[in-house]
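# Coordinate analysis (summary)
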Amino acid sequence: MSAIIDPAALDRPNSYIGKSVPRPNLPKLVEGRGQYVDDVVLPRMVHVAFVRCPHAHALIKRIDAKDALAVPGVLRVFTGQDLAVVCDPWVAVLVHLAGMKSAPQYPLPLVRATWHGEAVVAVVADTRALAEDGVSRVLVDYDPLPAVADMETALAPGTPLIHPELGDNLCFQRINESGDVAAAFKAAHKIVEATFHTGRHTGVTLEPRSILADYNKGSGKLVVHHSTQAPHMMQGVFAKQLRMAEGDVRVICVDVGGSFGIKVHVYPDEVATVAIAKLMGRPVKFIADRLESFGSDIHARDHRIHGKMAVDAEGRITAIDIDDLTGIGPYSVYPRTSAIEGNQVINLVGGPYDFANYRAKTTVVLQNKTPTCQYRAVGHPIAVTVTEGLVDLAAEALGMDPITFRLKNLMRDDSYPRTSPAGMKFEGLSHIKSLGRLMDMIDYPALRAEQDAARAKGIYRGIGFAAFIELTNPSPFMYGIGGARISAQDGCSVRIDPDGSVVAATGVTEQGQGTEGIIRQIVAEAVGVAVGAVRVITGDTQNTPYGGGTWACRGAGIGGEAALQAGLATRAAALEVASAMLQAHADTLDIVDGNIVDRATAIIRMPLSELTRIVYFRGDTLPPGLPRELMQTRHFITKEYPFAFTNGIQACWLEVDVETGLIKLLKHWVVEDCGRIINPLLVDEQVRGGVVQGIGGALYEHCAYSPEGQLLVGSMADYLVPMAAEMPDIEVGHIETPTRESLLGAKGAGEAGTAGAPAAIMNAINDALRPLDAQVLAQPFSPERILQALGKVPMRG
Amino acid sequence: MDMTGEQKIAAPRQTVWLALNDAEVLRACIPGCTALEKTSDTEMTAAATLSVGPVKAKFTGNVTLSEIDAPTSYVISGQGSGGVAGFAKGSAKVVLADDGPDATLLTYTVKADVGGKIAQLGGRLIDQTAKKLAGEFFKSFSDVVGPHADDADEATVEKKKGFFKRLLGKA
């Protein structure tokens, strides 16, 4: 543990940590001068498009590519067998998830296709359009097989097995238990119970999945331009699957147009693209279109959860018992696995509350639908929906106000460090302070008065709350201990160039969220230069220290601390040279605004550029033994806690039109504690963006399937996402409880909004509908479901 | 999707039944059908162009007649592949009943499924598309088989003439 930065010490020139500094890449991006994978054009480049399976489950009997190869411009057609010659299959399991199983997955399937949308044949042509012409002429003779579409019956006797060699359709099951749940329910004053559904949805990145693989047969080197969150991880994956040395693979991602977890997984069509590049010895590009994205980008959150809560006569929670079921598609997704979401649910339920008896079971089953995996706020929105849904039901059963009930049950701010009944270790949280801050922001009595007045006029408004915890700054306990080569540490190299400017190369990556901005702020402050004097390099395995990239809210907390330490070390190195040049003790000197200054008087002794001139061009004038490395690298990993938890609370104020079932969001509030805030502007935008993604899952987004396993969404016309008109004003407040694991004290902020928004919306809808004796528990809360709850339209079978 | 309906046809049951078993009549009446050839008494190969929502594709496949109870009912089922657009399959149970001496009441129960791109892009439109196609089929069928030719256009009259001629020839 280290001392934490005193904010007062930051109030000086080049003090950027904690300030809303605009990010450096904005002008480039708004002028359309970013460089996404599709902007990269290489000589001899060809394009690949994929024939995708129209069935949920089918035997591939015969593939006839004759007509496709006759299309002018079509160069090659590849089947699963062709690619298996150069590419090994992968199996996505983690050894710390005991008993987990999945089947080997190839870039293209060899015998059977197992979901609607799975790539089956690859067609390579001079242009994407010609490749699609070729795709339309490939004849695949399928023998349709019975599909496992309903997760509820995936384990039932008589249900076909997706991978017979696994013995059943069970991927993973775990029970997380502590205390005496049975006794607590027996002694309960009141028990509330409900079944929740969180709808299957996906990430919808503005830039679709994109990859350009360039294998040079002469040098034996592979360069992959990839829209990814984790270039170093992908470097290892490509090397391993294609039987190459890791050093012969370089992954570059310059700009990424949104990722949200979608782009941290290994996709068979992307690996196929790389394998084809190796086979053809030419650069091969694959850019997913929107139609194929819906059936091949990972989906998430397909859960059914039975939940039960026991409370005593004083209104204290005594026990929670949940049974979670999730369908993940035919394969667990490599290398993070598709069991983590369910595992997170049973680790996070009940997270903010002080209670003793807990039992939670997750059952993760295989099915013939698009594979699911980690998507923004993995498991959190599900766990928060169940917890906060039960909390509201319990408050109602007790006749207590939901705020009074929460205040009674939330963990006290002075009770840390502590461990939750689910086994999560908390270093320091601020639930009570956060709730207090929220009350200051919303004027609760006024909202209730407004609600009553509206009801009298037949207008149904509701207010809903959702307290939450969020897992950030993950240690190797998340994936590394399970055997996955997913790095929880991250590094940063900081160097001062001859002109006195600073370059920072970091292992964390820029996805459009502003990573480069915060790294620049931290390094500028740590070295002592103006923020404009720092350039940041991300997303290149050949030029950045090895790191994990962007996932689980780790960029600021892990990458930021590495940058801070590297910057401070570089400043110390420069001051050691300055000390020799100025005949002054290094402790009496400082670097401020690009100048070496006297620490006590702030008098400028010389510009930093003079120091670099001497170091780089007149090193002969310095004492022979003097260290002069104006480049320092530091890596950081958390050690004391498996995760740095953050916390917060959200409130949603909305109106339900009981005639149409439409919901109008009137206002949303978030109070969030992400530890040290590096850039308030970026943190608020992360929170707001997260809330909007939560609104999507709660109200609109749904990867609908037919009972036969046919995906029924293919365009933005039938997969609805929240647009500007659907977004309410989102007011964000902060509490800062820095982590003491790092000097910087930052935790993550990217997922909190998504974690809590669906639950706050659900509780607000049910608050609005309470006088009508109706409630909704299945997301998305579509007009149809609202009207069904009101008994105005029939339930569908 | 499932769909049921009925259609009154101004022709005796035997006439309707024979028309229902006539590949030429079916070809003329199935919307978008470009080819329909009998390969046996109960099997046909077919080609049809079908649009569901934004997807339009040529489907080729087989049509089979089963559960035949002449001249009262049969099940007509078909499945076709539209290549990259996906697949369509469906079956219809067709039952005929006398509706007086010169008219027949035809009731049908249709089960239809589409898959692939056509389901992804047109899935939400499949119910209305199927209803529209069924409506078009029975309108054409009733025009071809029924006696009132006054308001029919020339082509329909031609179809009808051909049908009755062959009917007479067979008798």
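## Some details on the overall build of chain A
A count of helical and extended segments in chain A gives 19 helices and 30 strands. For 797 residues, the compact-globule estimate of 2.2 N^0.38 gives 28 Å, and the C-alpha radius of gyration of chain A, at 28 Å, lies within 12% of that figure. In terms of overall dimensions, chain A has a C-alpha envelope of 85 × 75 × 45 Å along the principal axes. Out of the 797 residues belonging to chain A, those deemed buried represent 64%.

## Observations regarding the overall build of chain B
Within chain B, the secondary structure is distributed over five helices and seven strands. From first element to last, N terminus to C terminus, chain B shows the α and β order β-α-α-β-β-β-β-β-β-α-α-α. Put simply, of all contacts in chain B between residues at least 6 apart along the chain, 51% involve residues at least 24 apart. Counting only carbon and sulfur atoms, one obtains 53% of the accessible surface of chain B, whose full area is about 8600 Å².

## Overview of the pattern of salt bridges
All names here are of chain A. A full pass over the atoms with the stated rule returns 47 salt bridges over all chains. For R571, the salt bridge is made with D590, and the minimal N-O distance between the two is 2.2 Å. With a gap of 19 residues between them, R571 in helix α15 (residues 555-582) and D590 in strand β24 (residues 589-592) connect regions that are remote in the sequence. A residue is classified by how much of its surface remains accessible, and D590, at 8% relative accessible area, is buried. Within the structure, one salt-bridge network assembled from shared partners comprises R52, R128, E132, R209, D269, E270, D289, E292 and D297.

## Quick notes on empty space enclosed by the protein
Under the counting rule described, the total for this entry stands at seven cavities of 30 Å³ or more. Lining of the largest cavity is provided by 43 residues; of these, I30, P31, G78, G90 and L133 of chain B occupy positions nearest its centre. When residues of the lining of the largest cavity are traced back to their parent elements, those giving at least two are β2 (33-38), β3 (43-52), β4 (55-69), β5 (73-81), β6 (87-98), β7 (104-115) and α4 (126-145) of chain B. In terms of residue class, the lining of the largest cavity is built from 29 nonpolar, eleven polar and three charged. Put simply, the second largest cavity is a space of about 80 Å³. Together, Q105, W115, V266, Y267, P268, S296, D297, I298, Y331, V333 and P371 of chain A line the second largest cavity. When its residues are assigned to classes, the lining of the second largest cavity shows eight nonpolar, two polar and one charged. Counting the residues that make up the lining of the second largest cavity, at least three belong to each of domain 2 (37-145 + 205-296) and domain 3 (299-476 + 640-789) of chain A.

## With respect to the interface of chain A and chain B
Counting residues at the interface gives 17 residues for chain A, matched by 13 residues for chain B. Together chain A and chain B conceal approximately 1200 Å² of surface at their shared face, both sides included; 60% is due to carbon and sulfur atoms. Together, L291, L712 and D718 of chain A form the three largest contributors to the area buried by chain A at its contact with chain B, with a combined 36%. The tally of links between chain A and chain B comes to zero salt bridges. If you look at where chain A meets chain B, you find six residue pairs in polar contact (both at pLDDT 80 or more).

## Here we look at the packing of aromatic side chains
Applying the stated rule across the entire model yields twelve aromatic pairs over all chains. A ring pair is formed by Y479 of chain A and W551 of chain A, whose centres lie 5.4 Å apart and whose planes are at 65°; its orientation type is edge-to-face. With Y479 of chain A in the loop between β20 (460-472) and β21 (490-496) and W551 of chain A in the loop between β23 (534-537) and α15, this pair connects stretches of sequence that are 72 residues apart. Each of the two residues, Y479 of chain A as well as W551 of chain A, counts as buried. Linked through ring pairs, Y108, F137, F138 and F141 of chain B together constitute an aromatic cluster. Lying over the aromatic face of F185 of chain A, K308 of chain A brings its terminal NZ or CZ to 4.6 Å of the ring centre.

## Side note on the packing of helix α11 (residues 402-409) of chain A against helix α12 (residues 431-442) of chain A
All names here are of chain A. Between α11 and α12, whose axes approach to 10 Å, the crossing angle comes to 155°. The orientation of α11 relative to α12 falls into the category roughly antiparallel. Two packed elements cross with a definite hand, and for α11 against α12 that hand is left-handed. Contacts between α11 and α12 pair I403, R406 and L407 from the former with I432, L435 and M439 from the latter. Tallied by class, residues from the contact of α11 with α12 come to five nonpolar, no polar and one charged.

## Some details on the nonpolar core
General note: in soluble globular proteins, nonpolar side chains tend to be found buried as a group. All names here are of chain A. Ranked by internal contacts, the top residues of the largest apolar core, which has 163 residues, are L222, F238 and I765. Split by domain, this core shows at least three residues from each of two domains, domain 2 (37-145 + 205-296) and domain 3 (299-476 + 640-789). Ignoring anything within four residues of it in the chain, the contact list for L222 reads A213, D214, Y215, F238, L242, M244, D248, V249, R250 and V274. By size, the runner-up hydrophobic cluster in this structure holds 49 residues, among which are I17, V523, A580 and V615.

## Re the domain arrangement of chain A
Residue and element names in this part refer to chain A. You can read the domains of chain A as domain 1 (7-34 + 489-636), domain 2 (37-145 + 205-296) and domain 3 (299-476 + 640-789). Contacts between domain 1 and domain 2 engage 21 residues on the former and 20 residues on the latter. A per-residue breakdown of the area domain 1 buries against domain 2 is headed by Q511, T541 and Y546, which together make up 41% of the total. Remark: the boundary between domain 1 and domain 2 carries two salt bridges. In this structure, K28 and D255 form a salt bridge, with 3.1 Å as the shortest nitrogen-oxygen distance. Counting the contacts that link domain 1 with domain 2 gives ten residue pairs in polar contact (both at pLDDT 80 or more). Of the residues contributing to the side of domain 1 that touches domain 2, the split by class is four nonpolar, 14 polar and three charged.

Rules behind the numbers
Residues numbered from 1 in each chain as written. Chains lettered and ligands numbered in written order. Predicted model: local features only at pLDDT ≥ 70, side-chain atom pairs only at ≥ 80, totals over all residues. Heavy atoms only, no water. Helix = DSSP H or I, 4+ residues; strand = E, 2+ residues; numbered from the N terminus. Rg over C-alpha atoms; globule rule 2.2 N^0.38 Å. Buried < 20%, exposed > 50% of the residue type's maximum accessible area, 1.4 Å probe, protein only. Contact = heavy atoms within 4.5 Å. Areas by Shrake-Rupley, 256 points an atom, 1.4 Å probe, with all protein chains shown as cover. Salt bridge = Lys/Arg side-chain N within 4 Å of Asp/Glu carboxyl O. 1 Å grid on protein atoms, 1.4 Å probe; cavity = no way out; pocket = protein on both sides within 12 Å on 5 of 7 lines; lining within 4 Å. Points joined across faces, edges and corners; volume = space filled by probe spheres on them. Nonpolar A, V, L, I, M, F, W, Y, C, P; charged D, E, K, R; others polar. Domains from an automatic or database assignment. Buried area = accessible area lost by both parts, 1.4 Å probe. Polar contact = N/O pair within 3.5 Å; in protein donor to acceptor, adjacent residues only side chain to side chain. Phe/Tyr/Trp six-rings, centres within 6.5 Å; stacked < 30°, edge-to-face > 60°. Lys NZ or Arg CZ within 6 Å of the ring centre and 35° of its normal. Axes fitted to C-alpha atoms, helices over the stretch in contact; angles between N-to-C directions. Parallel < 35°, antiparallel > 145°, perpendicular 65-115°, else oblique. Left-handed = near helix turned anticlockwise from the far one by under 90°. Core = buried A, V, L, I, M, F, W, Y, C linked by side-chain atoms within 4.5 Å.

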